[in-house]
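Examining the three-dimensional arrangement
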Amino acid sequence: MTTFDPKTMRRIAIMTGGGDAPGMNACVRAVVRTALNADLEVMGIQGAYAGLIRGDFIPLTARDVGGIIQRGGTFLQTDRLPQFKEDAYQEKGMQQLHDHQIDALVVIGGDGSLNGALALHRRGFPVMGVPASIDNDIWGTNMAIGVDTALNTILEAIDKLRDTASSHKRAFLIEVMGRNCGYLALMSGICGGAEVILIPEMEVSLEEVAERLIDSYQRGKTHAIIVSAEGAAHQSDDIAKYLKEKGTGFDVRVTILGHVQRGGRPSAFDRLLALRLGNAAVQCLLDGKTGMMVGLLGREVSPVPLEQVTSQPRQANLDYYDLARVLAR
Ligand code: ADP
Ligand code: F6P
């Protein structure tokens, strides 16, 4: 475990990076108030690594983070800066942290943001990471902040689409986010009673998709739901075109849920997770830990080295895939 001397710590900074996720605000609130409680000053970096490079720092007080626990998005703003992988940009970031007299940094974000945090840690700067991304593709935590809310948003959409699907005897192909990870598709598919789930971790031929729909139709189903991850092998339009040409009995429609999955008030689960992880991140720094991400392992919050977190992709659990097939009769 990497450590530094926390007694020298006076001022920390915080940023939210990558795609916004519901619960990021609740987490910032927890970081700020835990830090203030320990007599630390807190600066917010607006716009993630792009804001760091620009020197876009603002002081954060307890009142600045009032009234945000229930808000989706991130009031600190986020941005993507692919150049932060380059030495020159990281050096500029280090310089800004030094110029603003920052002693440690908390990064709340997805896999990419945590890679950025690791880069700063390797340059000797004390950092703590907090996993937040609707994709749930981060190794070292059962759940990332935002996943539960996104899952509930998707389920609400699936339930509504099923109403119209069964009224018209249609098949709906619903595309959900997740980048290269099938977690959102698999979990929303199983909880939404999908007939077919398509994820990057398990290739299924178009022929098999059609066969499953034909089988469902012949068994008297009035609708069929296909949940497809955006990272799955086949594009949604190609799947729909194939199914229309093949003829399955169902008329086919495609709904791409898109960014609606990222918005909205965080669920109770996400708020609690955000508060626990934000608090733990500051606590770890106060204990002299650095270069770690706080994750939810079982029911406990534990620090995991960023080196481990960023060196392996987290994939959907295929046990659920088998369960979904059994239950889709
Ligand atoms: P997320 O954090 O949600 O995974 P991204 O993958 O877009 O989102 O990453 C967010 C930002 O993190 C990138 O725009 C970039 O600034 C930074 N980043 C990503 N990968 C790296 C890396 N390997 N090294 C340094 N910074 C990185
Ligand atoms: O990482 C979160 C995420 O919403 C992914 O699921 C999706 O692929 C991506 O971000 C979309 O990014 P953007 O907001 O840049 O379109």
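Check the entry above for the structure.
In this report, we go over the structure that sits alongside the text. (Residues numbered from 1 in each chain as written. Chains lettered and ligands numbered in written order. Predicted model: local features only at pLDDT ≥ 70, side-chain atom pairs only at ≥ 80, totals over all residues. Heavy atoms only, no water.)

The next subject is the sheet that holds strand β3 (residues 57–59). The seven strands lie next to each other as β3-β2-β1-β4-β5-β10-β11, forming an open sheet whose pairing is mixed. Strands with a single pairing partner mark the edges of an open sheet, and in this sheet they are β3 and β11 (300–305). The average angle at which neighbouring strand axes cross in this sheet is 30 degrees, direction not considered. Against the sheet, helix α1 (residues 24–37) touches β1 (11–16), β2 (41–45), β4 (104–109) and β5 (127–131), its axis set at about 175 degrees to β1. The sheet strands contacting helix α4 (residues 111–122) are β4, β5 and β10 (292–297), and the helix crosses β4 at an angle near 165 degrees. (Pairing = 2+ DSSP bridges. Helix = DSSP H or I, 4+ residues; strand = E, 2+ residues; numbered from the N terminus. Axes fitted to C-alpha atoms, helices over the stretch in contact; angles between N-to-C directions. Contact = heavy atoms within 4.5 Å.)

When you line up the elements, Gln96 lands in helix α3 (residues 87–99). In contact with Gln96, not counting residues within four places along its chain, are Leu52, Ile53, Arg54, Gly55 and Phe57.

Excluding glycine, most residues fall at negative phi; most peptide bonds, likewise, are trans. Despite not being glycine, Ala48 shows a phi value in the positive range, around 50 degrees. Topologically, Ala48 is positioned in helix α2 (residues 48–54).

For the rest of this paragraph, the subject is the site of ligand 1. With respect to spatial proximity, 15 residues lie near ligand 1, and among them Arg80, Leu81, Gly110, Gly112 and Ser113 are the closest. In this structure, an oxygen atom belonging to ligand 1 sits 2.6 Å away from a side-chain N or O atom of Arg80. Between an oxygen atom of ligand 1 and a side-chain N or O atom of Ser113, the distance comes to 2.5 Å. Protein chains shield 85% of the accessible area of ligand 1, which is 560 Å² for the free molecule. It is α4 that provides the largest number of residues to the shell around ligand 1, a total of five residues. The residue makeup of the shell around ligand 1, split by class, is four nonpolar, seven polar and four charged. (Near = heavy atom within 4 Å. Polar contact = N/O pair within 3.5 Å; in protein donor to acceptor, adjacent residues only side chain to side chain. Areas by Shrake-Rupley, 256 points an atom, 1.4 Å probe, with all protein chains shown as cover. Nonpolar A, V, L, I, M, F, W, Y, C, P; charged D, E, K, R; others polar.)

Our next topic: the site of ligand 2. In the vicinity of ligand 2, the contacting residues are Arg80, Asp135, Met177, Gly178, Arg179, Glu230, His259 and Arg262. Within the side chain of Asp135, a nitrogen or oxygen atom sits 2.6 Å from an oxygen atom of ligand 2. Within the side chain of Glu230, one N or O atom sits 2.5 Å away from an oxygen atom of ligand 2. For ligand 2, whose free accessible area comes to 400 Å², the fraction covered by protein is 74%. Taken together, the residues of the shell around ligand 2 sort by class into one nonpolar, two polar and five charged.

The strands that make up a sheet are held in pairs by hydrogen bonds between backbone atoms, and each pair lies either parallel or antiparallel. The strand order across the open sheet built from four strands is β7-β8-β6-β9, with neighbouring strands paired in parallel fashion. Each end of this open sheet is capped by a strand with a single partner; those strands are β7 (196–198) and β9 (251–256). Ignoring strand direction, the axes of neighbouring strands in this sheet form an average angle of 15 degrees. Contacts between helix α7 (residues 206–218) and the sheet are confined to β6 (170–176), β7 and β8 (224–229), with β7 contributing the most and set at about 160 degrees to the helix.

Two aromatic rings are characterised by how far apart their centres lie and by the angle between their planes. Throughout the structure, instances matching the rule amount to two aromatic pairs. Each ring, one from Tyr217 and one from Phe250, has its centre 5.0 Å from the other, and the planes form 90 degrees; the classification is edge-to-face. Of this pair, Tyr217 sits in helix α7 while Phe250 sits in the loop between α8 (236–246) and β9; the two residues are 33 residues apart in sequence, bridging distant segments of the chain. Residue class for Tyr217 comes out partly exposed when judged on its relative accessible area of 31%. Owing to a relative accessible area of 6%, Phe250 belongs among the buried residues under this scheme. (Phe/Tyr/Trp six-rings, centres within 6.5 Å; stacked < 30°, edge-to-face > 60°. Buried < 20%, exposed > 50% of the residue type's maximum accessible area, 1.4 Å probe, protein only.)

Once that is clear, we can look at the pairing of β2. In terms of burial, β2 is largely enclosed, as four of its five residues are buried. In terms of handedness, the path from β1 via α1 over to β2 forms a crossover that is right-handed. Here β2 runs beside β3; their pairing, made up of three bridges, is antiparallel. By the bridge assignment, Gly44 is partnered in β3 with Ile58. (Right-handed = clockwise from strand over helix to strand, strands pointing away.)

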